[in-house]
Amino acid sequence: MLLRNSLLSGLLSSSCCGAVITKGEPHCQQLNFTYSVSATVRDLPPAPDLSAPNAVVAYLPVLQKNYNSTPNKTREGTYTFAGQYCKAFGRGNSALQVLAHGSTYTKEYWDRGAWGNLSLQNSWQRFAAEQGYSTLAIDRICNGDSSRPDPQLDCQLSTSIEAFHALFSALRNGTASAKIPIPKRLVFVGHSAGSITVSNHVQKYPQDVDTAILTGWPSGPIASAFAAAYQARHNITPPAPPALSPGYFPAKIGDSARFADLDQGYIVSTNATFRSIGYGGSYDPSYPVFDNLSRGTFPLGEISYTGVSAFPAFKGRVIVATGDLDGFAWADGDVVEDARAAFPSARSFSWIHARDSGHLVNYHRSAPETYWKIYQALRARRLVQNSELRN
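Residues numbered from 1 in each chain as written. Predicted model: local features only at pLDDT ≥ 70, side-chain atom pairs only at ≥ 80, totals over all residues. Heavy atoms only, no water.

Student: How should I be thinking about the state of the cysteines in this particular structure?
Tutor: Structurally, a disulfide amounts to a covalent bond that connects the sulfur atoms of two cysteines. The final tally for this structure, using the stated rule, is two disulfides. Shown here is the disulfide that connects cysteine 142 with cysteine 155, its sulfur atoms set 2.0 Å apart. Taking the torsion about the sulfur-sulfur bond, which here is approximately -95 degrees, the covalent link between cysteine 142 and cysteine 155 counts as left-handed. Here cysteine 142 is found in the loop between strand E4 (134-139) and helix H3 (157-173), whereas its partner cysteine 155 is found in the loop between E4 and H3, with 13 residues between them in sequence. (Disulfide = S-S within 2.5 Å. Helix = DSSP H or I, 4+ residues; strand = E, 2+ residues; numbered from the N terminus.)

Student: Looking at this structure, how should I read the pattern of salt bridges?
Tutor: Counted by the stated rule, this structure contains 16 salt bridges. Notably, a salt bridge pairs arginine 75 with aspartate 154, separated by 2.5 Å at the nearest N-O pair. A residue pair is termed long-range when its members are at least 10 positions apart, and arginine 75 in strand E2 (residues 72-86) and aspartate 154 in the loop between E4 and H3 qualify at 79 residues. Residue arginine 75 is classed as partly exposed on the basis of its relative accessible area, which comes to 23%. (Salt bridge = Lys/Arg side-chain N within 4 Å of Asp/Glu carboxyl O. Buried < 20%, exposed > 50% of the residue type's maximum accessible area, 1.4 Å probe, protein only.)

Student: Quick question: what am I supposed to make of the packing of aromatic side chains here?
Tutor: The relation between two aromatic rings is expressed through the spacing of the ring centres and the mutual angle of the planes. As enumerated under the stated definition, the model contains 22 aromatic pairs in all. On the basis of an interplanar angle of 55 degrees and a centroid distance of 5.5 Å, the ring pair of phenylalanine 127 and tyrosine 371 is categorised as tilted. One end of the pair, phenylalanine 127, is in helix H2 (residues 124-130); the other, tyrosine 371, is in helix H10 (residues 367-379), and 244 residues separate them in sequence. Judged by centre distance (5.8 Å) and plane angle (75 degrees), the rings of tyrosine 248 and phenylalanine 274 are edge-to-face. Remark: phenylalanine 274 occurs in the loop between strand E8 (266-269) and helix H8 (287-293) and tyrosine 248 occurs in strand E7 (residues 248-250); sequence separation between them is 26 residues. Look at tyrosine 248 and you get buried, because its relative accessible area is 4%. Feature note: the residues Tyr105, Tyr109, Trp110, Trp124, Phe127, Tyr133, Tyr279, Tyr283, Tyr363, Tyr371, Trp372 and Tyr375 constitute an aromatic cluster, connected by ring pairs. Arginine 42 extends its terminal NZ or CZ atom over the ring of tyrosine 67, reaching a point 4.8 Å from the ring centre. A cation over a ring is seen here: arginine 148 above tyrosine 266, with NZ or CZ 5.1 Å from the ring centre. (Phe/Tyr/Trp six-rings, centres within 6.5 Å; stacked < 30°, edge-to-face > 60°. Lys NZ or Arg CZ within 6 Å of the ring centre and 35° of its normal.)

Student: What am I meant to see in the sheet that holds strand E5 (residues 185-191) here?
Tutor: One key point about sheets: their strands pair by backbone hydrogen bonds, in either a parallel or an antiparallel sense. Strand order in the open sheet formed by eight strands is E1-E2-E4-E3-E5-E6-E10-E11, with mixed pairing between adjacent strands. Each edge of the open sheet is held by one strand with a lone partner, namely strand E1 (28-42) and strand E11 (348-354). Across the sheet, the axes of successive neighbouring strands diverge by a mean angle of 20 degrees, strand direction being ignored. Bridge count between E1 and E2: 15 bridges; the pairing is antiparallel. Considered in E2, the bridge of asparagine 32 is made with alanine 82. (Pairing = 2+ DSSP bridges. Axes fitted to C-alpha atoms, helices over the stretch in contact; angles between N-to-C directions.)

Student: So what exactly am I meant to see when it comes to the packing of helix H5 (residues 221-234) against helix H9 (residues 333-341) here?
Tutor: When two helices pack together, you describe them by how their axes are tilted relative to each other and by the distance separating the axes. In the contact formed by H5 and H9, the axes pass within 10 Å of each other and the chain directions differ by 125 degrees. Taken together, H5 and H9 sit at an angle that is classed as oblique. Crossing hand, H5 versus H9: right-handed. Contacts between H5 and H9 involve Phe226, Ala229, Tyr230, Arg233 and His234 from the former and Asp334, Val335, Asp338 and Ala339 from the latter. Taken together, the residues that form the contact of H5 with H9 break down as five nonpolar, one polar and three charged. (Parallel < 35°, antiparallel > 145°, perpendicular 65-115°, else oblique. Left-handed = near helix turned anticlockwise from the far one by under 90°. Contact = heavy atoms within 4.5 Å. Nonpolar A, V, L, I, M, F, W, Y, C, P; charged D, E, K, R; others polar.)

Student: Where do I start with H5 in this structure?
Tutor: Count 3.6 residues to each turn of an α-helix, and residues three or four apart come out pointing the same way. With 14 residues, H5 should reach 20 Å at 1.5 Å per residue; the first-to-last C-alpha distance of 20 Å fits that figure. Turning to H5, its buried residues number three or more, namely Ile222, Ala223, Phe226, Ala227 and Tyr230. The buried residues of H5 occupy an angular sector of 140 degrees when projected down its axis, which confines them to one face. Here the buried face of H5 lies against H9. At the C-terminal side of H5, asparagine 235 shows a positive phi close to 55 degrees. (Expected span 1.5 Å × (residues − 1). Arc of directions from axis to C-beta.)

Student: In this structure, what is going on with the pairing of E5? I would like to understand it.
Tutor: Look at any regular strand and the pattern is simple: side chains alternate between the two faces of the sheet. Burial analysis of E5 places six of its seven residues in the buried class, which makes it a mostly covered element. The pairing of strand E3 (residues 95-100) with E5 spans six bridges and is parallel. Across the sheet, residue glutamine 97 finds its bridge partner in E5, namely valine 187. Here E5 runs beside strand E6 (residues 211-215); their pairing, made up of five bridges, is parallel. Its bridge partner lying in E6, phenylalanine 188 is registered against alanine 212. For the segment spanning E5, helix H4 (residues 193-204) and E6, crossover handedness is right-handed. (Right-handed = clockwise from strand over helix to strand, strands pointing away.)

Honestly, that's just the spatial picture; any functional story needs more than this.
Right, dumping it as structure tokens:
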């Protein structure tokens, strides 16, 4: 784990009243949570040797084909979540947010980045504390400081959902940690692959949480489905998401100084410019550089992060926040309507426009403004909010 830089620079102003983070750092502590779960997974065959150049890129479509055609099996395991718990300032509001990062990131995405020297203004956890929310940022299983089991069999979406279900059950009944009070309300927040986790989780276990917040979403297969629907309606080809960058290697080869002990099924990009595809609009130009140096891995099992494209079981609140320059999760009015229709039973649905922002909403200069819009939506009861959508 990189040492946190204690110097906070580049404090940002914002046109949104109350959006500047001013109170400093809340009380945060590192906690672990261990659960035994059973999940239905695809019984993927072992990967071939992936050490040769382009071997990973060549294997990914084969793996996807295998995933789509391989029978299911039940797999049991015991997994440990690593988390950072930050208490709300003052008395708080008895709600807890659980935060799930995207692919190749870690829990530090929610608190100034894994390299530790972003501005305080780029910390979701600090902003949440000022708004009265305690937060628990989690390293998803197979990432960061959490368990690193078999990257193909244990790192599939179904296992992640079961592990989070165990965590939410423990939070609800007060057995997760003596340091975390029983929350009256639970909010599940995701980014990118974390949002895929959140949306599929609330479909399978709709009673686990009260509100779902999806940032960097729609992404993955659901974004492709929305794009296809858009094209059919308008006979227009929507923007294509960025292609996978070459330079994928097993992390034990591509970044041996940090990941020498990992199975070859944990992958890292060796292309130093790869991280830049998550940025657009206004951001500190040093961020993609440090972002690359502190990059995480993705396990091959994340090929399973397809899930379903409709979530009728969830009756809670849904908030979506997407960058207007996001090449993965582009949006227009039709896509907003498609997203709303994907949650037909939701008590309320809000779409937040992240101004002048790419995919990594937290790492842009407009982050405090985006946070403020999200917390306004949390307090509101309106059905749909469409704010300054990209044409």
